[in-house]
Each structure stands twice: as C-alpha cells, then as structure tokens.
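What follows is each chain in one-letter form.
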Amino acid sequence: MEEAAGAEASFCLQKVTITDDSEDDYQYEEVPADDEFSVQEGDEDLSKALQTIQEQAEDAQILASRSVLSSEKSVSEIPEAVDDFLCNFLVRLGMSRTLDCFQTEWYELIQRGVFTAQDAGLVPTVYTRNQQLETENMHLKKDLENYKLAANKAKEAFLKMQKERDFHRMHHKRVVQEKNKLICDIKRLKTHYASYEPVLKQLTEKYQTTLRQKMLTSLERDRAIGQVTGLQATLQNSVCGRAIQIPVTKGHECGRKKGLEGPTQKALQEARQQKIGDAESSSYDPVKDPMNKMGKRYPKDSEFPADDQVKPYLTYAKEYTQPLKSGVYRLSNTLKAHDLAVSCLALHPRKNIVATGSDDRLWKMWAFPNGNIIMTGEGHTDWLSGCCFHPSGTQLATSSGDTTVRIWDLSKGKCILTLGGHAHAIWDCSWHSCGDFVASASMDSTSKIWDVNRLSHLGADYRKQLGQEVADGRTSGRCRHTLRGHKDSVNSTEFLPFSNTVLTSSADKTLSLWDTRMGLCAHTLHGHLHSCNHATFNMKGDTIASCDSCGVVKLWDVRKLVPVASIDAGPHPANQVVFEPSGRTVALASGDGTVKVAQLLSGQLSSLAGHEDEVHSVIFDHKAEHLLSGGADGTLRLWT
C-alpha cells in the first residue's frame with residue numbers, strides 16, 4: 001500500500017497478492033464476525049470503511065482531550081460549553097432535526113480541524129444567570145397571580161361577612177326592642193291581673209256558697225220527696241184498711257242492710273217504686289217545661305226493667321272458654337282517623353263497625369278490618385270524651401267537654417237530643433241495656449241518669465206543637481237522678497248489663513256501685529292509691545277491672561266486693577281497661593304509647609308497640625279476633 005500526501009489528505013491503494021507460501025512472518029489477527037467495525041454484507045465500500053475508521057479515531061481523540069480537561073478541573077468549576085448549551089436548548093424546544101444537523105456539522109468541523117472544543121469557548125456566566133433570573137421571574141409572576149386571586153376571594157368573603165354582621169346587628173336591635181315591648185306588656189298584664197284577683201276571689205266564694213246552697217236544696221228536695229212518697233203510701237194503705245207507720249227517709253242514703261228490712265220497709269219500697277215517676281216529676285222545673293206552656297203535663301216516665309231478667313251475655317261468655325295466647329296480636333292496619341287525638345272508641349253491638357271520637361269535635365264510624373269510613377258527625381263545640389252505641393245499634397251517644405251529651409240518629413245522620421245539666425266537662429257516657437236510659441260522668445264530681453225515651457211517648461201532633469227545637473231533637477231530656485257521693489271528678493261510668501246497677505270510677509281513688517232506680521250509692525270500693533281513670537264489667541258481670549293514673553290494674557269480685565288481683569303495668573298512666581269476651585284476658589291503653597295485654601290466669605303481661613304517642617282507648621271485637629286502639633297520634637290501629 002502506498003500513501004500519498006496532499007492538501008486534502010487523499011489516499012491511493014495498490015493491489016498486493018499474498019500467497020500461502022509468503023515469507024512474511026507477520027501474524028494476522030482474526031476479525032470476529034460480530035465486531036462492530038465489521039462491514040455488513042452487500043455494503044462492502046472501501047471509502048466508507050476508511051471514513052468510519054477515521055471518525056472513530058477522532059472520537060477517541062476527543063474523549064482523550066476531555067479526560068485531560070476533567071483531570072485539570074472539577075465538573076462543578078467548569079462553565080457550560082457552547083455546544084452543550086445549544087444542544088440543551090434545542091432539546092428543550094423539541095427541535096430534533098435541527099439538533100441532528102447541528103451535531104453533524106459541529107463534529108465535522110472539529111474533525112477537519114477548523115477549530116477545537118477549546119476555541120468554541122464557554123457560555124458567559126451573565127447570560128446563564130439572566131436565564132435563571134428570567135425563569136425565577138416567571139415563577140414569581142405565577143405566584144403573584146395566584147396571590148391576587150386569593151386576595152380577591154378574601155375580599156369578597158370579608159364584604160359578605162360585613163353584610164351579615166350588619167344584618168345580625170339590626171336583628172339584635174329589633175329583638176331587643178321586641179323584648180322590651182314584651183316586658184312592658186307583661187308588667188301591664190300583671191297589673192291588670194292583680195286588679196282582678198280580689199274580684200275573682202269574691203266570685204269564687206260566691207260560687208262555693210251557691211254550690212253549698214244548691215246541695216242543701218237538693219237534699220231538702222229529696223227529703224220532701226221521701227216524705228210525700230211515705231204519706232202517699234200511708235194513704236193508700238189506710239184506704240185498704242192497713243195502717244202502717246211511715247218513717248221519714250233521707251235522699252242519697254248509701255248502703256242499706258237487707259237483713260234489717262221488715263215488712264214495713266218492704267211495703268214502703270213497693271209504694272215508692274210505684275210512685276217514683278210522679279214523685280221525681282215534682283223536682284223538675286215546670287217553668288222550663290214546654291208542655292206546661294200548652295197546658296199539658298209530662299207523659300209517664302220510662303220504667304226501669306226488673307233485675308230478674310235473663311242475661312244472654314252469660315251464654316256468650318261460655319262460648320269463649322279459650323284464653324288468648326301472649327303475643328298473638330300483630331298490627332294489621334293503621335287508619336289516620338282524625339287530625340287530633342282519638343279519645344274514645346265504641347263497638348257496634350252486632351256488626352264490625354267502630355265509632356271514634358276525637359279532640360277535633362268530630363265522631364266517625366268505620367268498618368273494619370277494611371277501614372272504610374261510613375259516617376261523620378259534627379255538632380259538639382268542644383272535644384269529645386266518650387261514645388256508646390244504643391243496644392239496637394240505631395243510635396249513638398257522645399259526651400263532650402262542652403258539658404252536654406248528644407244522641408244521634410244514625411239513619412238520619414243528625415243529633416236528635418241534647419242532654420245538658422252538668423256544670424263541667426263530661427268524661428264518659430253509657431247506655432242502659434233497655435235503651436231508655438243514658439248515664440253520664442262529669443268533672444263536676446257527679447253522675448247523671450237521663451231518661452232519653454220520654455220524648456218518644458209524645459205523638460206527632462205534640463212534637464209539632466212544641467216547636468222546631470223539640471221536632472229537631474235539640475231540646476234537653478229529663479234527668480231522672482243525679483248521683484252525688486264522689487269527692488272529685490267522675491272519670492267513667494258503665495251499666496252492669498241487663499241490670500239497674502251502674503259503676504263509676506273517680507279521681508278520688510274510689511269506685512262506686514249505684515242503684516239507678518233510687519239514685520243511691522249501694523257500695524264504695526277502696527283500694528287504689530291514685531286517681532281511677534276507668535272501670536268496666538266483664539261479660540258475665542261478676543268481675544270488675546279498674547285502672548289508675550299510675551298504671552295499676554285491679555280486679556274486683558262483684559259478689560264479695562273485694563279486690564282479688566292486682567297487676568302493675570306502670571309507671572305510665574293506664575287510660576282504659578277492657579275485658580276480652582272470655583274474661584281471662586284484659587287489654588290496657590297505656591300512656592307510654594303501647595297496648596298492654598295481660599293474661600289473668602298466668603299473670604303474663606305483653607306490650608303491643610305501634611302508636612307514636614299516648615294510647616287513649618282500646619276495645620276487643622265480638623269474637624276477640626281483632627283488637628282496636630286509638631291514640632293521641634290521631635290514628636286507629638287494628639291488631640289481628
């Protein structure tokens with residue numbers, strides 16, 4: 001091979017043939033096939049091979065020079081080179097093609113020796129610093145914009161808080177003004193009330209005096225009636241040739257002893273029984289009687305039935321011999337019966353119909369278990385407290401806080417009779433089994449027996465002559481007896497089925513049994529420690545169940561007149577108690593919002609939860625298949 005020198009450093013090649021028997025002692029090294037410097041097949045160009053070798057030599061020289069520089073100075077002390085700066089610049093901008101062109105031309109010039117890396121120099125420190133400052137300035141501008149946004153938001157929040165502060169300040173001033181005004185009004189009302197206290201005290205004293213005079217007048221009237229009755233009996237016996245000695249009797253005498261009655265007393269009682277209607281009529285005010293205005297007299301009063309009549313309830317009670325199992329009832333239907341509290345329930349004597357009374361002054365009739373409404377009645381001016389069906393199921397009696405008892409004809413859907421005479425609200429009412437009498441219990445500590453059948457004796461001509469009030473049934477009926485003896489509010493009343501005995505419970509913690517024919521108290525039962533809210537008979541009529549305001553239920557033997565059992569279902573008040581037809585289970589309307597079911601034989605007590613407020617009334621249906629309850633939440637709930 002022959003080398004030629006020139007300005008462009010060109011080369012000339014000479015072909016030399018090497019034979020096997022060459023005398024050259026040079027040992028040639030074998031080139032591996034995977035060497036990176038090997039020439040690929042199909043691309044055996046000598047010029048390119050020489051160029052590649054030259055470039056590799058130049059790269060090795062550059063690396064050697066850089067290693068020398070790095071040995072002289074540390075990397076941290078050497079400023080950035082111009083080529084590196086430009087490469088980094090182009091990489092940062094994503095100019096890859098420009099970067100390739102730059103690197104190709106840059107390294108070609110260095111290879112040719114036009115200049116070296118040292119000749120290019122380094123990037124001035126001032127320029128690098130300016131670039132860093134520009135970058136930092138850009139970041140600071142972004143932070144400034146963020147701070148401006150935060151400041152604007154804070155300003156808006158501050159203005160909003162100022163407005164709220166001003167609003168609350170004005171509201172506080174207005175509240176202070178209203179408070180001062182109310183204080184002035186309260187002071188003025190206190191002064192005004194203080195001026196009425198002497199007058200109220202004086203009126204209270206007059207009222208108490210009037211009540212005492214009324215009580216004395218009633219006692220004198222009853223004593224006079226007894227004397228007149230005795231004289232009439234004496235006159236009758238004298239005519240028959242039998243002279244008997246007539247003692248003077250006093251009205252409202254309680255607790256006669258049957259063993260001390262002789263023939264004289266029996267004869268007197270028979271005579272009084274015959275004349276009791278005419279004698280009672282003498283106590284009625286003739287001025288208020290519309291018949292007297294027409295020159296007429298009252299027809300004969302209704303007679304109380306005999307006590308020896310057959311009691312069909314005894315047969316019914318024997319049919320229900322199996323007591324209910326605890327927990328057998330489950331809530332099956334809920335009716336929103338009234339807008340206000342449901343205060344009372346009444347079951348139709350023959351059909352699956354229930355009547356509800358409410359504090360909204362309305363009574364309604366519902367069919368169960370489907371819950372369809374049948375009828376709605378209004379007319380009372382205050383809340384309803386009690387309701388009861390006529391034994392025939394054609395009429396309904398309701399009691400109210402407006403001190404009246406109203407009789408409603410269900411076929412006409414209107415009130416046919418209003419019974420007024422109590423001084424305070426009436427808590428309960430009950431029909432006699434004959435349907436001619438209604439008993440009422442009032443907050444004025446009395447109970448009254450009303451003869452609701454006396455107007456039925458009047459003919460059509462009389463009803464027309466009496467005027468529109470009697471024709472529409474808006475006149476008051478006649479009170480046959482006023483039962484006095486309780487010292488506090490009488491909370492419930494109920495007739496013993498097919499009997500002339502009525503049961504009352506009172507807030508004076510006692511129960512009383514009355515003879516409605518004479519208007520006398522036969523027995524008083526003591527045992528409760530709190531106000532008695534309700535009392536009822538079982539179907540046989542031989543047991544009484546009563547409940548008080550502390551949730552205690554007591555069972556009484558009617559024949560012995562003593563308590564035989566006591567069940568504590570407190571501490572919440574028990575508002576009503578009712579017997580199941582078999583008489584072995586009682587249901588209790590409790591003030592804790594539950595209906596409590598007590599098994600009398602086992603003493604087991606279970607609760608039915610469903611009402612949202614206090615339960616006021618509860619009742620079984622005829623076959624004990626359903627239990628109905630009404631509460632202060634205005635609902636009627638059916639338990640099956």
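Up top is the structure these notes are about.
Note that this is a predicted model, so its numbers are computed, not measured.

Looking only at helices and strands, the chain features nine helices and 28 strands. Total accessible area on the chain stands at roughly 39,400 Å², and carbon and sulfur atoms take up 54% of it.

Right, let's talk about the sheet that holds strand E7 (residues 395-400) for a bit. The four strands lie next to each other as E6-E7-E8-E9, forming an open sheet whose pairing is antiparallel. In this open sheet, the two strands that pair with only one neighbour each are strand E6 (384-389) and strand E9 (414-420). When strand polarity is set aside, the average angle formed by the axes of neighbouring strands in this sheet is 20 degrees. Two strands pair when backbone bridges link them, and E6 and E7 are joined in this way by five bridges, in the antiparallel orientation. Bridging across to E7, Phe389 finds its partner in Leu396.

With respect to the element layout, Val553 can be found in strand E20 (residues 552-557). Residue Val553 is classed as buried on the basis of its relative accessible area, which comes to 4%. Measuring from C-alpha to C-alpha, the distance between Val553 and Cys532 comes to 9.6 Å, with 21 residues separating the pair along the chain. If we skip the residues at most four places from it in the chain, Val553 touches Ser546, Cys547, Ala565, Ser566, Ile567, Val577 and Leu588.

Positionally, Leu496 belongs in the loop between strand E14 (490-495) and strand E15 (501-506). Leu496 gets classed as buried once you look at its relative accessible area, which sits at 13%. Residues Leu496 and Leu513, 17 residues apart in the sequence, show an inter-C-alpha distance of 9.5 Å.

Moving on to a nonpolar patch on the surface. The grouping of Tyr193, Tyr196, Val199, Leu200 and Leu203 at the surface amounts to a nonpolar patch, some 490 Å² of accessible area in total. Turning to its location among the elements, Val199 is positioned in helix H5 (residues 125-239). The partly exposed category is assigned to Val199, whose relative accessible area is 41%.

Turning our eyes to something else, we now look at helix H3 (residues 96-112). Compared with the 24 Å implied by 1.5 Å per residue over 17 residues, the 24 Å span of H3 between its first and last C-alpha is a close match. The set of residues buried in H3 consists of Leu99, Phe102, Trp106 and Ile110. Each buried residue of H3 lies within a common arc of 65 degrees when the element is viewed along its axis, so the set occupies one face. Away from the buried face of H3 by more than 90 degrees, exposed residues Arg97, Cys101, Thr104, Glu105 and Arg112 are located. At the C-terminal side of H3, Gly113 shows a positive phi close to 90 degrees.

This part takes up unusual backbone geometry. Residue Pro369 is bonded to the preceding Phe368 through a cis peptide linkage, with omega at 15 degrees. Looking at the element boundaries, Pro369 is found in the loop between strand E4 (362-367) and strand E5 (372-378). The linkage connecting Gly570 with the following residue, Pro571, adopts the cis geometry, with an omega of 10 degrees. If you trace the backbone, Pro571 turns up in the loop between strand E21 (562-568) and strand E22 (574-579). Positive phi is not limited to glycine here, since Ser445 has a value of about 70 degrees.

Two numbers describe a pair of packed helices, the interaxial angle and the distance between the axes. Closest axis-to-axis distance for the helix H2 (residues 82-93)/H3 pair is 9 Å, and the angle between their directions is 160 degrees. Taken together, the axes of H2 and H3 lie roughly antiparallel to each other. Considering the relative orientation of H2 and H3, their crossing is left-handed. Residues Asp83, Leu86, Cys87, Leu90 and Val91 of H2 pack against Thr98, Leu99, Phe102, Gln103 and Trp106 of H3. In terms of residue class, the contact of H2 with H3 is made up of seven nonpolar, two polar and one charged.

The next thing to look at is the packing of aromatic side chains. Summed over all chains, the structure comprises five aromatic pairs. Measuring from ring centre to ring centre gives 5.4 Å for Trp363 and Trp408, while their planes differ by 65 degrees; the resulting arrangement is edge-to-face. Pair noted here: Trp363 is in strand E4 and Trp408 is in strand E8 (residues 404-409), with a separation of 45 residues, a long-range link. The class of Trp363 is buried, set by a relative accessible area of 1%. Judged by its relative accessible area of 3%, Trp408 falls in the buried class.

Conventions used here
Residues numbered from 1 in each chain as written. Predicted model: local features only at pLDDT ≥ 70, side-chain atom pairs only at ≥ 80, totals over all residues. Heavy atoms only, no water. Helix = DSSP H or I, 4+ residues; strand = E, 2+ residues; numbered from the N terminus. Areas by Shrake-Rupley, 256 points an atom, 1.4 Å probe, with all protein chains shown as cover. Pairing = 2+ DSSP bridges. Axes fitted to C-alpha atoms, helices over the stretch in contact; angles between N-to-C directions. Buried < 20%, exposed > 50% of the residue type's maximum accessible area, 1.4 Å probe, protein only. Contact = heavy atoms within 4.5 Å. Patch = residues over 30% accessible without salt bridge, like charges linked within 9 Å, V, L, I, M, F, W, Y side chains within 5 Å. Salt bridge = Lys/Arg side-chain N within 4 Å of Asp/Glu carboxyl O. Expected span 1.5 Å × (residues − 1). Arc of directions from axis to C-beta. Parallel < 35°, antiparallel > 145°, perpendicular 65-115°, else oblique. Left-handed = near helix turned anticlockwise from the far one by under 90°. Nonpolar A, V, L, I, M, F, W, Y, C, P; charged D, E, K, R; others polar. Phe/Tyr/Trp six-rings, centres within 6.5 Å; stacked < 30°, edge-to-face > 60°.

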